[in-house]
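Summary of the model geometry
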Amino acid sequence: MNFRIGNLGRELSYSIRRSPSLFIGTLVTILISLTFLGGGLVVREAVNQATERWQDDVEFIVFMNPEASPAEINAISSKLDANPEIERHNYVNKEAAFEEFQNIFRDSEQIRDIVSAEEMPPSFRIVPQNPDSEVVEELADQFRADPGVFEVVAAVDTIRQIENVTNSINWVFTVVGLLLLVSALLLVYNTIRTTIFARRREVEVMRLVGASNWYIRVPFMAEGVLQGLLGGLLTLPFLWRWNTFLSRLGGDGLALFDNLEAPRADMMLIWLGMTALGVLIGAIASTVALSRFLDV
Amino acid sequence: MIKLENVSKIYKGDVAALRNITCEIQKGEFVFLVGPSGSGKSTFMRLLNKEENPDSGIVYVAGKDIGRLSGWRVPFLRRNIGAIFQDFKLLDNRTVSQNVAFALEVIGRPRHVISTQVPAILELVGLSKKADNYPEELSGGEQQRVSIARAFVNRPLILLADEPTGNLDPATSVGIMKLLDRINKTGTTVVMATHDRGIVDHMRKRVIELDHGHLARDQARGVYE
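Residues numbered from 1 in each chain as written. Chains lettered and ligands numbered in written order. Predicted model: local features only at pLDDT ≥ 70, side-chain atom pairs only at ≥ 80, totals over all residues. Heavy atoms only, no water.

**Quick look at the pairing of strand β6 (residues 81–85) of chain B**
Residues and elements named next belong to chain B. Across the 5 residues of β6, 5 count as buried, placing the element largely inside the fold. Residues I81, A83 and F85 of β6 are buried on one face, and the alternating residues G82 and I84, pointing to the opposite face, are buried as well. Across 5 bridges, β6 lies against strand β7 (residues 158–162) in parallel orientation. Paired with G82 across the strands is L159, a residue of β7. (Buried < 20%, exposed > 50% of the residue type's maximum accessible area, 1.4 Å probe, protein only. Helix = DSSP H or I, 4+ residues; strand = E, 2+ residues; numbered from the N terminus. Pairing = 2+ DSSP bridges.)

Here it is, written out as structure tokens:
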């Protein structure tokens, strides 16, 4: 394929200068759409992170003393097995607890370094038959006074409520994001169509003198892909800001989660994912527009 | 150079553009394609650079059956076929030399080749002094010379001219015909569709006449009618 990068740059800048409003409008729509989708994912990651211990219907946790004897631990285990109101339970030993702790605080070295596996409390994660909060409280009370038990924590209604709220937020974000994504697709499609129309004479001449199909197509495709790429890359500050906002909400406002924030690595992954999605949108929309309006 | 074997082309609604045409054009020939509007002249030309495909029959260009040419090879066929039109098809936002250079750029010719070939071809068509003018600053005849320069700069084997003098006055047309004749003398096969009786009668070249898609006449050193 005989294509010069310099030519491509010139074609692109010509195209953008010809109708900057269309280019910017499309770019901003892609940006907002991807910010919503990415923002939803950030919330999900943050909540997953904060409620890691409370997943899979775990309603209360019996934390043992780090020094609890094997006999004391076995006693609790048997007592749980014997209770018909308890559907299942899962024992998390010191090592597993330490790993989980390290994972939750993976972005905060200071917190990570102050504990060792030896100091971690082993615990039972308990799923009752009936997740009703009164029943759960009653069940939890049965274990508070047992030997070797350090603390019993129940998933109070608020945690579930917050999970529900964040699920709704997530849902709204995803729906709005997808709707905007559709409109972004259509905008890219129309941008490319307009560009093809504006340059039909050149395309005609190119075909006439024997320019290869790819030579003719690449500038149009590049325009769509560029919009998607820029739209995706520009989501970074928005996603960052959103994550910071969440962490402050977790720290000050709700106080329930000490760490409502998506881990940095996950956030970067979401950002890269959104950028890839933007590129994909641009490529798909321009390919469809080309196949419909560019007869080569 | 060009051979059609039992070529037919029928458009939607049973409009026959070409019916069972068989003819052969040798390398270096100059051929006039005449006939009333709708007789199939343009279709004939469009089949040669594969802008259209026949419904039946075989079209050979430079010894190859172009019906069997895969899509990505069509541009390479077209690099061997220059084409000019009644409406010139110049790019208004480019100067004369940029218009000509465009044809070389888009097929990936290196810059140093472009910078030597463009002035040479403009010299040939007599437009060296207008190299930096825009098409709208030129007369119709001059614009057609630019389009001939663009079609010929890549030294094609064949030059297709679809009513090249259709928009020009008789005096200007004579100049264009002289230019096409010169190009023909370099060995390029020229096929020209025209309505211009005066030109055909004056040049006394081979004439192929089409009538409602039929080949009505094929005459060496012929006249318009």
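**Let's talk about the sheet that holds strand β9 (residues 206–211) of chain B**
Residues and elements named next belong to chain B. In spatial order, the strands read β6-β7-β8-β3-β9-β10; together these 6 strands make up an open sheet with mixed pairing. Every interior strand has two partners, whereas the edge strands, β6 and β10 (214–219), have only one. Strand-to-strand twist of the sheet, defined as the mean angle between neighbouring strand axes without regard to direction, takes the value 15 degrees. Bridge count for strand β3 (residues 30–34) against β9 is 4 bridges, and the pairing is parallel. Within β9, the residue paired with L33 across the bridge is I208. (Axes fitted to C-alpha atoms, helices over the stretch in contact; angles between N-to-C directions.)

**A look at the pattern of salt bridges**
By the definition in use, this model includes 20 salt bridges over all chains. Taking the shortest distance from any N to any O, the salt bridge between B:E51 and B:R46 comes out at 3.9 Å. We classify B:E51 as partly exposed; its relative accessible area is 27%. The class of B:R46 is partly exposed, set by a relative accessible area of 34%. Through salt bridges with shared partners, a single ionic network connects A:R207, B:K9, B:R46, B:E51 and B:E52. (Salt bridge = Lys/Arg side-chain N within 4 Å of Asp/Glu carboxyl O.)

**A few points about the packing of helix α2 (residues 20–50) of chain A against helix α9 (residues 213–233) of chain A**
Residue and element names in this part refer to chain A. Their axes nearest at 8 Å, the elements α2 and α9 cross at an angle of 45 degrees. By the criterion of interaxial angle, the relationship of α2 to α9 is oblique. α9 is crossed by α2, and the crossing has right-handed handedness. Note on element contacts: α9 touches α2 through E223, L226, Q227, G228, L230, G231 and G232, opposite L22, F23, T26, L27, I30, L31 and L34. The class makeup of the residues in the contact of α2 with α9 is 8 nonpolar, 5 polar and 1 charged. (Parallel < 35°, antiparallel > 145°, perpendicular 65-115°, else oblique. Left-handed = near helix turned anticlockwise from the far one by under 90°. Contact = heavy atoms within 4.5 Å. Nonpolar A, V, L, I, M, F, W, Y, C, P; charged D, E, K, R; others polar.)

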